[in-house]
Amino acid sequence: MSADAGAAAGQVTPPAAQGGVIHDIGYRRYDAVRLGRGAILRALTWHSFRSAFGIGRGAKAKIFPALLFAIMCLPAAINAVALANNPSGGPIISYDSYVPSLRTVAMLIFVALEAPNLVSTDLRNHTLPLYFARPIRRIDYPLAKLSAFVLACLAMVEIPLLLLYIGNATQAHGAHQVWVQTLRLGPGLLFGAAWAVLLASIGLLLASATGKRVFAICAIGIPLFLSYVVAEVLMHVGSQAYGPVGVGQPSALASLAGLLSPFTLLGGVLRWLEAPPRPGAVPHFQQTIVGHYGALYGILFAAATIAAAGGLVLRYRRVGVG
Amino acid sequence: MIAQPTTAREPAGAPEPDAVIEARLLTKRYGLTVTALDDLTVSIRPGITGLIGANGAGKSTLIKILLGLLEPTGGDAFVLGRDCRRDGFAIRTLTGYMPEHDCLPPDVTATEFVSHLGRMSGLPAAAARERAADSLRHVGLYEERYRQIGTYSTGMKQRVKLAQALVGDPRLLLLDEPTNGLDPAGRTAMLQLIARIGAEFGISILVASHLLGEIEQVCDHLVAIDAGRLLRADSLSSVTQASAALLVEVDEGIDLLQAELATRGLRPVPFQRGLLVALAGDETYDAVRDSVADLGLPLSRMEQRRHRVEELFRTEPAAAAGSDSEPTGAGRVS
């Protein structure tokens, strides 16, 4: 051991002695501009957004996001075809709720599969110390991840709406019809944003609980799915077994059951805000029953979003860097 | 020397002007019972410095405090003239960190990973790509840089960890056990790489290790800590001189030799199949030679040895340890 030590030590001359030596590969300093914290945050956001769709992660990682995106766009395509074949029939899909059951299933799978890619992998691979040893602050990491995943969910929800709009607008007769479609698209995009914000926050918070991808997928998928099923069942039970309380009003059970699941919660917010249903609007396939409790849906939506996003930030304040 | 820290901007009362790293009575406690660092006072100059100590001595804790990732319980720390408590952000811009443990995603190519972390160091996209390629070439992974990291050997992964620390063009590298898990050839290669970065790239380096035999191959200075306290901080030569020992093996007559060496003022200690004597200089070799010749014993082996680091530093009186009474200059690396 000491013989090696002597030999190796002989090779290493003190730095000062090597001043004038020219080497094959020189070290190049970086003296140009260094970006600030905001630019680093944006870079991390963009990187995470891409990784939510499997970009930069190999071919296999792209399969599910692409498939889910195609499924989400399918109703818009069907709507366009139906309109083309039967121009007098009018649009068959609402901007506000799109196709709720399809959106629920597709977004459930998307969030469960992709949220772990954004946060669990860094936990599992212990990459976090490398981030926190760089010029960012603790809060930047969860903020960048959250913005990235909100953007990814927005893309999943809103792009099909835009396709739906394009399909409707190209079949519309006259500028007035196009304007009507544009007016209806606006609230639809807003509701889509509500979907993205709530699901992204919940998904990332649940995914950040564990570094194991499979566990993270289960930690997101199982509660989201079960709560949705329970909420739907209770809603049916509430509206059938007990019947309406007053004239035209559903029972409390049916009205409150929707609070149990993020998906029915989102449907409830929609129902609350658009009530009474606008004349001439495309009827929704499926609706959350809210009864008198519409405001409760709005409050719970805001509370759940803030709690999930805040929980994510807290989670990364306490995460170890060892 | 090459890496001159820029300290002039710092307000008065702060760090020594020529120190890359400075700790003053630095203390870190976890809860009430665990003390990771205990009144550590040390000053480290540019160049390659070995931070040596047993596992759990507080090496990683010190590095994390220097990066501003951990808040010290007491005392002050300065890196490149900046206060670790307040200026962690600026310090992390100027510092590259190689953690002890695995920190690499398996399903990403090395070039993508390093360039992403280059962007996280504040480089624009094009510069990050360029410097990622440069860094990977410096660590010897240029040909393999488009392979996924999961397909790399342990040695290659260690090199990627080093490359990501280099990518932001740091003024200081903090390397935590860089030879962890490497085979002897990989260790040698990694150490040569570290020596080259320190010598040619003009980057100051703090290398934490529990193996003195390795670390002494590359560093100019040594800082030894144990149980969070400074044991010794000195130039490499003065440390190694004090710790060197000579192992003498003879085929027969080991008792005779022990008695003979004792009469010559050496204090031989039986060790394995031979005798261990403290190596004071050439006269030690002379004494051994003369003893063996006078007794006519068949000398089979003479080898320079070193105690393991823990023993080595424990046998030293802890004179250099930074006691509260003399914080200034205690443990000064010169």
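All values reported here derive from a predicted model rather than from experimental measurement.

**Details of the overall build of chain B**
Turning to step 1, where the next piece is worked out: Scanning chain B for helices and strands turns up 11 helices and 14 strands.
Turning to step 2, where the next piece is worked out: Burial statistics for chain B: of 334 residues in total, 52% are counted as buried.
Turning to step 3, where the next piece is worked out: Sequence-distant contacts, at least 24 apart, represent 71% of the contacts inside chain B between residues at least 6 apart.

**Concerning the interface of chain B and chain A**
Turning to step 1, where the next piece is worked out: Facing 49 residues of chain B, the contacting portion of chain A comprises 39 residues.
Turning to step 2, where the next piece is worked out: Among the secondary structure elements, those contributing two or more residues to the side of chain B that touches chain A are α2 (88-94), α3 (110-120), α4 (125-138), α6 (184-200) and β14 (299-306) of chain B.
Turning to step 3, where the next piece is worked out: Looking at which element gives the most residues to the side of chain B that touches chain A, the answer is α6 of chain B, with 6 residues.
Turning to step 4, where the next piece is worked out: Residues that form the side of chain B that touches chain A fall into these classes: 20 nonpolar, 13 polar and 16 charged.

**Examining the sheet that holds strand β4 (residues 74-79) of chain B**
All names here are of chain B.
Turning to step 1, where the next piece is worked out: The antiparallel open sheet is built from 4 strands, whose spatial order is β2-β1-β4-β5. Every other strand in the sheet has two partners, leaving β2 (34-44) and β5 (82-83) as the edge strands with one partner each.
Turning to step 2, where the next piece is worked out: In terms of strand pairing, β4 meets β5 through 2 bridges, oriented antiparallel. Looking at β5, one finds that Phe 78 is bridged to Asp 83.

**Observations concerning the pairing of strand β8 (residues 204-209) of chain B**
For a regular strand, the rule is simple: side chains alternate between the two faces of the sheet.
All names here are of chain B.
Turning to step 1, where the next piece is worked out: Most of β8 sits inside the fold, with 6 of its 6 residues counted as buried.
Turning to step 2, where the next piece is worked out: Because side chains alternate across β8, one face comprises the buried residues Ser 204, Leu 206 and Ala 208, and the other comprises Ile 205, Val 207 and Ser 209, equally buried.
Turning to step 3, where the next piece is worked out: In the sheet, strand β3 (residues 48-52) pairs with β8 via 5 bridges, with the strands oriented parallel. Residue pairing across strands places Gly 50 opposite Val 207, the latter belonging to β8.

**As for the confidence of the model for chain A**
Turning to step 1, where the next piece is worked out: Scored by pLDDT, chain A has a mean of 85; 85% of the residues are at 70 or more.
Turning to step 2, where the next piece is worked out: Across residues 1-23 of chain A, where pLDDT falls below 50, the model places 28 contacts with residues more than four positions away in sequence or in other chains.

Criteria and cut-off values
- By convention here, each chain's residues receive numbers from 1 onward along its written sequence.
- Chain labels run from A onward and ligand labels from 1 onward, assigned in the order the entries are written.
- Two thresholds apply to this predicted model, a pLDDT of at least 70 for residue-level local features and 80 or more for giving and counting side-chain atom pairs, whereas whole-chain, interface and lining totals are computed over all residues.
- The way it works is that DSSP assigns letters per residue, a run of H or I at least four long becomes a helix, a run of E at least two long becomes a strand, and they are numbered from the N terminus.
- Here the C-beta atoms are placed from the backbone, and a residue counts as buried if at least 20 other C-beta atoms lie within 10 Å of its own, exposed if 12 or fewer do, and partly exposed otherwise.
- By definition, residues are in contact whenever their C-beta atoms, placed on the basis of the backbone, come within 7 Å of each other.
- Residue type decides the class: Asp, Glu, Lys and Arg count as charged, Ala, Val, Leu, Ile, Met, Phe, Trp, Tyr, Cys and Pro as nonpolar, and the leftover types, Gly among them, as polar.
- Strand pairing requires that DSSP identify at least two bridges connecting the strands.
- Here pLDDT means the predictor's own confidence in every residue, given as a number from 0 to 100.

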